[in-house]
Amino acid sequence: MTKELPKDFLWGGATADFQYEGGYAEGGRDPSTHDYETNGSPEHPRHHTMKMPNGDTINLKSSFLDAEDVPEEAKPVWLKDQYYPSHQAVDFYHHYKEDIKLMAGMGFSVYRFSIAWSRIFPNGEEDEPNKEGLKFYDNVISELEKYHIQPLITICHDEMPVHLALKYDGWSSRKVIELYVKYAKSLFEHFGSKCKYWLTFNEINAVRGFGPSGVHKATGLRRYQAAHNMFVASAETVKLGHKLIPGSQFGTMYALSTCYPATCKPEDVFHNQQELRENWYFVDTMGRGYYPRYADEILQHHGIKGLSEIKMDPADQQILKDGQLDFIAFSYYRSNISKAGDKWFNVGGSANPYLEKTPWGWGLDPLGLRYTMNMIYDRIQKPIFIVENGMGAIDKPDENGFVEDDYRIDYLQKHLSAMADAINIDKVPCIGYTMWAPIDLVSLSTGEMKKRYGFIYIDMDDLGHGSLKRIPKKSYAWMKHIIETNGKALDD
Ligand code: BGP
C-alpha cells in the first residue's frame, strides 16, 4: 500500500514559546510560571526556585512527572548561581524570520506554535491586551503567510502568567476560566481571520503542579479541580471561537504515548485498561462533552470520593456539551508497559523490553503510533491531528556544524510510514503532522539543550552559550523530499 497521503494533508513542525522564544522580559512580557525553572538533566531534576517569608530559598522539583508541592507562602525568585533556560531559550524572538524561512525551505504547510499568555496579558488581569505582544505574533503570522504556511496556535502550552499562579492558585480557581476566555477572545479578534486551527491546551492530561498549571499542589483534589476548570474553559473557548471565526476548528492536545499490558495475564491486561483511563478521562470528557461513567473510579485512585467532590456550576454540563472538540490532537513519542500491582500513575508505565531506547530511555515504537491513532479514532470518531512526534538525541556536529543524523531519519521514516498505514489502510482521518521540534530547542523535562529533536541544529549548549547559528542537518533535506512527494518517498 502506498505511503502517499491525501492531497490536503498538512506537514509541519511544532514548538512551545518558553522552550523556543526567549525574549522573556521584552515587549512588555511579564514572567510566566516556567521562567523560574532551572535547567537540569536526567540525573539532576529541574527545580523551581522560591523564597520563603523568612528569607530562606528553597528548590522544588518542577518536572511534571514528579513535581513537588509549592508552599502557599513561597514566592518565586531568580538566583544568581542558576541558569533559567526559558529566558533566552533559542531566541526565536529575534530569529523568527530566519527560522520561518528555514521551515518554508522544507515545504511546511503548517507551523504549530504557542502564544505566551504573559506576552498578551502580562499579569493575566489587565483589561486590554498588550499591543507589543500582539505585534510580535502579527509579525510571525505575516512571515508564515509569505510562505503559505498556516498557523496552528496553541493558546496555552503548560504555563500561565506567574501572577495568576500566586494570586489564584492557578487553574484550581474558577476565576482563571474567565481570564483565560478573555485572553482567548483577544486572540480570536486579532488573529482569527488568519488562523483556522486552534488548540486550547497542551497535554492537558499530563499538566499538574506549579509550572504547567499554576497550582501549588500537584496531586489530589486540587489537580482534578483544576482539570475540571480547564475543561470548562476549553469548552467556553471552543463555543466562542466557533462564533467569532467561521470555519474554525478546535482541538486540545493530549499526551498519548501508549502503554501496553506487560503480559497477557488477565490481571495485567485489566490493570492496563484501567490505567489507560487516566488519559481517556480527559479525552472522553472533552471529545464527547460529558464525564465518562468511570470518572468516580479514576478519582478514587487519587483520594477523591468522586465527581461529587469537584466544585461545578450548574451550567457546566451544558457548556461541556456545547463546547466539544472538533478534532483530537496528541503527542506520541514512545510506548511503555504496565502490570497488576504497579504503582498507580498517570501517563506512566515501565520500559518495554522489546524496544530499543533513546539515551533518555524513551522506547522506540513506530507501530505504537499506528496503534494509538486507531485507538483514538475508534473511541471518539473525530479527525485526529498528530501535533508532536520526534526523537530527542545527542547530535555531534562536524567542524562545519553539520550533523549526520541518520538515527533521526530512521525514526521519522518508521513513524511516518506507520502513520501513513493508519491513514491509508486503517482509514483513520488525520489532518496533519507537526514534528517536535523542527529546530533544536530547550527540553521540557530536563531543561537541556543537548536533547535535540530538530532538522536544524542550533549552536548553543546546556547553559545558553553559543552563537545561536542555525545549521540544517542531514534530516532537513530528507524531510524536504518526503514533504515534496507527500509521503510517497517513504517507500523508497
Ligand atoms: C511534550 C511537550 C513539549 C516537548 C515534548 C518533548 O511533553 O508538549 O513541550 O518538550 O514533550 O519532551 P522533552 O522536551 O522533555 O524531551
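Data block above holds the structure.
Residues numbered from 1 in each chain as written. Predicted model: local features only at pLDDT ≥ 70, side-chain atom pairs only at ≥ 80, totals over all residues. Heavy atoms only, no water.

Moving on, we come to the overall build of the protein. Secondary structure summary: the protein contains 14 helices and 15 strands in total. The C-alpha radius of gyration computed for the protein amounts to 21 Å, which stays within 12% of the reference 23 Å derived for 492 residues, consistent with globular compactness. Expressed along its principal axes, the backbone C-alpha trace of the protein runs to roughly 55 × 55 × 50 Å. Counting every position in the protein, which comprises 492 residues, the buried fraction comes to 62%. The long-range fraction of contacts in the protein, counting pairs at least 24 apart against all pairs at least 6 apart in sequence, stands at 76%. When the accessible area of the protein is evaluated, it comes to approximately 18,800 Å², of which 53% is carbon and sulfur surface. (Helix = DSSP H or I, 4+ residues; strand = E, 2+ residues; numbered from the N terminus. Rg over C-alpha atoms; globule rule 2.2 N^0.38 Å. Buried < 20%, exposed > 50% of the residue type's maximum accessible area, 1.4 Å probe, protein only. Contact = heavy atoms within 4.5 Å. Areas by Shrake-Rupley, 256 points an atom, 1.4 Å probe, with all protein chains shown as cover.)

One finds Trp171, Tyr281, Met373 and Met419 to be the most contacted residues of the largest nonpolar core, which totals 144 residues. The next biggest cluster of nonpolar side chains, apart from the first, holds 11 residues, and it includes Leu10, Val110, Met253 and Ile431. (Core = buried A, V, L, I, M, F, W, Y, C linked by side-chain atoms within 4.5 Å.)

Time to look at the packing of helix H12 (residues 366-380) against helix H13 (residues 406-424). Two numbers describe a pair of packed helices, the interaxial angle and the distance between the axes. For the pair H12 and H13, the least separation of the axes is 8 Å and the interaxial angle reads 30°. Taken together, the axis directions place H12 and H13 in an arrangement best described as roughly parallel. For the element pair H12 and H13, the recorded crossing hand is right-handed. In this structure, H12 contributes Pro366, Leu369, Arg370, Met373 and Asn374 to the contact, and H13 contributes Lys414, His415, Ala418, Met419, Asp421, Ala422 and Ile423. (Axes fitted to C-alpha atoms, helices over the stretch in contact; angles between N-to-C directions. Parallel < 35°, antiparallel > 145°, perpendicular 65-115°, else oblique. Left-handed = near helix turned anticlockwise from the far one by under 90°.)

Take the pairing of strand S5 (residues 110-114) next. The side chains of a regular strand alternate between both faces of the sheet. Of all 5 residues in S5, 5 are buried; the element is thus mostly enclosed. Taken together, the 3 bridges between strand S1 (residues 10-14) and S5 define a ladder with parallel strand orientation. Paired with Gly13 across the bridge in S5 is Tyr111. The sheet contact formed by S5 and strand S6 (residues 150-154) spans 5 bridges and is parallel. Counterpart to Arg112 in the pairing with S6 is Leu152. (Pairing = 2+ DSSP bridges.)

Reading across the sheet, the 3 strands line up as S3-S2-S4 and stay open at both edges, with antiparallel pairing between neighbours. Of all the strands in the sheet, just strand S3 (57-61) and strand S4 (75-76) have a single pairing partner and so form its edges. Bridge analysis of strand S2 (residues 47-51) against S3 gives 5 bridges, and the strand direction is antiparallel. Its bridge partner being in S3, His47 is matched across the sheet by Lys61.

Counted under the stated rule, the structure contains 9 cavities of 30 Å³ or more. Approximately 90 Å³ is the volume found for the largest cavity. Elements that contribute at least two residues to the lining of the largest cavity include exactly helix H9 (266-288) and H12. Taken together, the residues of the lining of the largest cavity sort by class into 5 nonpolar, 4 polar and no charged. (1 Å grid on protein atoms, 1.4 Å probe; cavity = no way out; pocket = protein on both sides within 12 Å on 5 of 7 lines; lining within 4 Å. Points joined across faces, edges and corners; volume = space filled by probe spheres on them. Nonpolar A, V, L, I, M, F, W, Y, C, P; charged D, E, K, R; others polar.)

Looking now at the layout of surface pockets. Each pocket or cavity is described by its volume, and for the largest pocket that value is around 1,000 Å³. Looking at the lining of the largest pocket, the elements that each hand over two or more residues are strand S9 (258-261), H9 and strand S11 (335-338). Counted by class, the lining of the largest pocket contains 18 nonpolar, 19 polar and 8 charged residues. By volume, the second largest pocket amounts to about 230 Å³. The element that contributes the greatest number of residues to the lining of the second largest pocket is H13, accounting for 5 residues. A breakdown of the residues in the lining of the second largest pocket according to their chemical character gives 6 nonpolar, 2 polar and 4 charged.

Moving on: the site of the ligand. Gln19, Glu203, Leu444, Ser445 and Tyr453 are the nearest of the 13 residues found near the ligand. The separation between an oxygen atom of the ligand and a polar side-chain atom of Glu388 is 2.9 Å. Coverage of the ligand by the protein chains reaches 96% of its 370 Å² of free accessible surface. In this structure, the ligand is accommodated by the largest pocket. Considered class by class, the residues forming the shell around the ligand number 5 nonpolar, 5 polar and 3 charged. (Near = heavy atom within 4 Å. Polar contact = N/O pair within 3.5 Å; in protein donor to acceptor, adjacent residues only side chain to side chain. Sits in = over half its atoms within 2 Å of the grid points.)

So, on to the pattern of salt bridges. Summed over the entire model, instances satisfying the criterion amount to 32 salt bridges. Measuring nitrogen to oxygen at the nearest pair gives 2.8 Å for the salt bridge that ties Asp284 to Arg379. Within this pair, whereas Asp284 is found in helix H9, its partner Arg379 is found in helix H12, the two being separated by 95 residues in sequence. Using a relative accessible area of 0% as the deciding quantity, one classes Asp284 as buried. Taking relative accessible area as the criterion, Arg379 reaches 26% and is therefore assigned partly exposed. Here Lys339 and Asp342 are joined by a salt bridge, their closest N and O atoms 3.0 Å apart. One salt-bridge network, in which partners are shared between bridges, spans Asp395, Asp405, Arg408, Asp440, Arg452 and Lys473. (Salt bridge = Lys/Arg side-chain N within 4 Å of Asp/Glu carboxyl O.)

On to the packing of aromatic side chains. The tally for this structure, following the rule as stated, stands at 36 aromatic pairs. These aromatic residues form a ring-pair network of at least three members: Tyr20, Phe92, Tyr93, Tyr96, Tyr111, Phe113, Phe136 and Tyr137. One cation-aromatic arrangement involves Arg119 over Phe136; the distance from NZ or CZ to the ring centre is 5.5 Å. When the ring centre of Trp362 is taken as origin, the NZ or CZ atom of Arg334, which lies over that ring, is 4.3 Å away. (Phe/Tyr/Trp six-rings, centres within 6.5 Å; stacked < 30°, edge-to-face > 60°. Lys NZ or Arg CZ within 6 Å of the ring centre and 35° of its normal.)

The residue Lys357 is located in the loop between S11 and H12 in this model. Residue class for Lys357 comes out partly exposed when judged on its relative accessible area of 41%. On a C-alpha basis, the gap between Lys357 and Gly390 in space is 13 Å, while along the polypeptide they are 33 residues apart. Other than its neighbours up to four places away in sequence, Lys357 contacts Ala351, Asn352, Trp362 and Gly363. One polar contact links the side chain of Lys357 to the main-chain carbonyl oxygen of Leu355, over a distance of 3.3 Å.

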